[in-house]
Amino acid sequence: MRRLPLLLSSLSAAALLGAAALPAVAEAPAAVLAPATAVAVSDGHTAFTYRDLIGLNRLGDPRVSPDGRRVVYSVTATDVEANRRSGSLYIRDVAGDAAPQRLAISDGGANTARWGADGHLYFLSGRSGSSQVWRADANGENPVQVTDLPVDVNAYQLSPAADRVVVSLAVYPDCADLACTVERTAAEGTRKSTGRVYDRMFVRHWDTWNDGTQNHLFVQDIGADGHAAGDAVWVTKGFDGDTPSKPFGDESEFTFAPDGQSVVFSAREAGTSEPWSTNFDLYQTDGISDAGSFANLTEANHAWDTGPVFSPDGRTLAYRAMARPGFEADKFAIFLRDVATGQTRQIAANWDRSADSLQWSADGSTLYATAGDVGQTRIFAIDTRNGAVTPVTGEGHVSAFGLTPSGIVFARDALNAPSDLYFKTYRGREMPRRLTNVNPSLDDMTFGEAEQFTFDGWNGETVHGYVIKPAGYVEGRKYPVAFLIHGGPQGSFGNSWSYRWNPSSYAGAGYAVVMIDFHGSTGYGQAFTDSISQHWGDRPLEDLQKGWAAAQERYDFIDGDNACALGASYGGYMINWIAGNWPDEFKCAVNHDGVFDTFSMGFATEELWFTEWENGGTPWDNPRAYQEFNPANHVRNWKMPMLVVQGELDYRIPTAQGLSTFTALQRRGIESRLLVFPNENHWVLKPQNSLQWHDEVFGWLDSHLKSAD
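Predicted model, so just to flag it, every value in this text is computed and none were measured.

Take the environment of alanine 117 next. Positionally, alanine 117 belongs in the loop between β6 (111–115) and β7 (121–125). The spacing of alanine 117 and aspartate 67 is 50 residues in sequence and 9.6 Å in space, taken between C-alpha atoms. The residues contacting alanine 117, other than those within four sequence positions of it, are Pro160, Ala161 and Ala162.

Looking now at the sheet that holds strand β8 (residues 132–136). Ordered in space as β6-β7-β8-β9, the four strands form an open sheet in which the pairing is antiparallel. Every other strand in the sheet has two partners, leaving β6 and β9 (144–145) as the edge strands with one partner each. Relative to β8, β7 is paired through five bridges, and the arrangement is antiparallel. The partner of serine 125 across the bridge, within β8, is glutamine 132.

A few words now on the packing of helix α6 (residues 539–554) against helix α7 (residues 570–581). Packing of α6 against α7 brings their axes to within 11 Å, and their N-to-C directions diverge by 75 degrees. By the angle between their directions, the pair α6 and α7 is classed as roughly perpendicular. Packed against α6, whose contacting residues are Pro540, Leu541 and Leu544, the element α7 presents Tyr570, Met574, Trp577, Ile578 and Asn581 at the interface. Considering only residue class, the contact of α6 with α7 consists of seven nonpolar, one polar and no charged.

With that settled, consider the confidence of the model for the protein. Per-residue confidence for the protein gives a mean pLDDT of 94, with 94% of residues at or over 70. The model gives residues 1–29 a pLDDT under 50, and that stretch makes 70 contacts with residues more than four places away or in other chains.

What follows concerns the pattern of salt bridges. As enumerated under the stated definition, the model contains 25 salt bridges in all. Between aspartate 107 and arginine 102 there is a salt bridge whose closest N-O contact spans 2.7 Å. Here aspartate 107 falls in the exposed class, since its relative accessible area comes to 60%. Put simply, aspartate 330 and arginine 324 hold a salt bridge, and the shortest N to O gap is 2.7 Å. Looking at aspartate 330, the relative accessible area reads 4%, which means it is buried. The exposure class assigned to arginine 324 is partly exposed, which follows from its relative accessible area of 26%. When salt bridges that share partners are traced, they join Asp61, Arg63, Arg114 and Glu251 into one network.

Taking 1.5 Å per residue as the helical rise, helix α11 (residues 655–667) with its 13 residues ought to reach 18 Å, and the 18 Å between its terminal C-alpha atoms agrees with that figure. Those residues of α11 not exposed but buried are Thr655, Gln657, Gly658, Thr661, Phe662, Ala664 and Leu665. On its buried face, α11 is in contact with α7, β38 (588–592), α8 (598–604), β39 (642–647) and β40 (672–677). Just downstream of α11 lies glycine 669, where phi reads positive at about 75 degrees.

Below, the discussion takes up the sheet that holds strand β16 (residues 254–256). One open sheet accounts for four strands, arranged β16-β17-β18-β19; its pairing is antiparallel. Both edges of this open sheet fall to β16 and β19 (294–296), since each of them pairs with a single strand only. Averaged over all pairs of adjacent strands, the angle between their axes in this sheet comes to 20 degrees, without regard to strand direction. Both strand β18 (residues 281–285) and β19 contribute to a ladder of three bridges, which runs antiparallel. Bridging across to β19, glutamine 284 finds its partner in alanine 295.

Here we take up the state of the cysteines. Scanning the model with the defined rule gives two disulfides in all. Through a disulfide, cysteine 564 is tied to cysteine 588; the S-S separation comes to 1.8 Å. Handedness here is read from the sign of the S-S torsion; for cysteine 564 and cysteine 588, about 110 degrees, the answer is right-handed. With cysteine 564 in strand β37 (residues 558–568) and cysteine 588 in strand β38, this pair connects stretches of sequence that are 24 residues apart. Just as cysteine 564 is buried, cysteine 588 falls in that class too.

Cut-offs applied
Residues numbered from 1 in each chain as written. Predicted model: local features only at pLDDT ≥ 70, side-chain atom pairs only at ≥ 80, totals over all residues. Heavy atoms only, no water. Helix = DSSP H or I, 4+ residues; strand = E, 2+ residues; numbered from the N terminus. Contact = heavy atoms within 4.5 Å. Pairing = 2+ DSSP bridges. Axes fitted to C-alpha atoms, helices over the stretch in contact; angles between N-to-C directions. Parallel < 35°, antiparallel > 145°, perpendicular 65-115°, else oblique. Nonpolar A, V, L, I, M, F, W, Y, C, P; charged D, E, K, R; others polar. pLDDT = per-residue confidence, 0-100. Salt bridge = Lys/Arg side-chain N within 4 Å of Asp/Glu carboxyl O. Buried < 20%, exposed > 50% of the residue type's maximum accessible area, 1.4 Å probe, protein only. Expected span 1.5 Å × (residues − 1). Disulfide = S-S within 2.5 Å.

Structure (structure tokens):
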């Protein structure tokens, strides 16, 4: 449901690269609907299909060396048959055409590579039996273990001089030391009883039950030989909360001060209000030897403060902050704090975009940020003196970037291309130069042509959408349609690549694709994003209806009488809402982890700030809002055949929501099918499960839309 942060938006590198072999998928109780074969392409190329999608290499986590000459990055490979993924680190010169080189340290397991000011390459590895920080030469040779802690390192940051490292460890916060955490973990593993006892909320979050541990920060000195020197200092001891935040936080939530003598971190106090609070603050430790002493730098703001980054001269701390407590999709504005005086000012206040990440230029005059922008995700340059904002990149989705003396290295994907690295100069108008090609198999594949269009939506306001032609499109022919509805609801189906909902895979199967960024979507200004709250069922539905009509009128290859609607999370909610409020438009539907009963969701989901903001209060204080757009109240109108998908580890939209949807369909005698994944969360991540998901979804579409072929 929630709009996840960038990166977060994805699995952590450690989780992906250190994945163990996964269990085989159990046989389904019903026969898999066999999808039709991929469409033929007249130019001799192969149409891109979901089977190609599942096996692709995935580039991530690019990091530019301090001198700007090299970039190290990860590539995750998928072995579908073995049902596992594995990762490697690669390095490439930014200049020239030399081929990237795989680093030898990858053979022992390596991820989360970071450059040190000392010229060494640091990384995480489990080669010693637990996840620890290691150091290698700049070319990835001669690895040396840096930390030797009794608990896994889940994230880390190097000090400016690379003589210290701050690591995040999952510990029992009431323990006196790490030995206590180790002992208690061992005791829990041998306990014969299985009951869990809780005395405050957040008993489960995303896909795990609360085990009593929290992420805390420890600072470890590094000797000249690369090994740890002395004992690690528990600098957040006594803080009641996680840093980085669970489940998607990373090392961007903490950093060393420029002198390396303290740590600034973003965290939310747990207490009893954690499930309905978005009040993350920036804290600074009082040195690194006085454990458990820290000051709140942003106490005045009761909304979200995060992403601290110090200017090159150490005089200014930049960070991102929201303004409205309890609203996770508020605009992330940019603030600058004078380190000496504590004075804070906002820059680019009139820029109506939400900053996703921040990096300083070498001279401190510019901040670079990524932000969603009318279906794209671009890099922007923000002048720190006058707040002027200039777009740096064009079309596509930039997921990460690094700065060099002459330009920017960035990871970019699009509707027709997974992520690769590119380079462009700061002010040049030239096309970005491509640095990597991690999926050469795609060079000879055909993708459907995408076009962005606009129409007048709710309140007469401009709404954007995308239409994608089927691969192998033939002029004059009409094509069945996959009408994709994005989740969030504060999200976007823009010009970006996805490994879960990939529009190009539908085009490769012979479908035209229509996607609407309805009111509530991100990248069109904060007022547009705000407009969906307490209006889940009216404004976005009006946009979907008008956008669907506009697409049919504008694109004559769309067969409006032969379409299915598909969505997940909020998109799954909208499938249920369409079933009761627009029931005659589509031949079938796919609902993945969608909300069935908004009222019960207010009690069953884990992050209560989401449901309480979206419905204007708690279910008992504002029951009317929870019932106004409740799909459960319109089941009597349902008639559309529906495939329902549910992950049993989805604690955001719990299993009862999917089961209730299927029960309503079956009890009404409507053609329906239920696909349940016992070992998946809100997403379907395991390769064989992803293959089964796609087989079922495309089989469902083919059986309803291609039966006459």
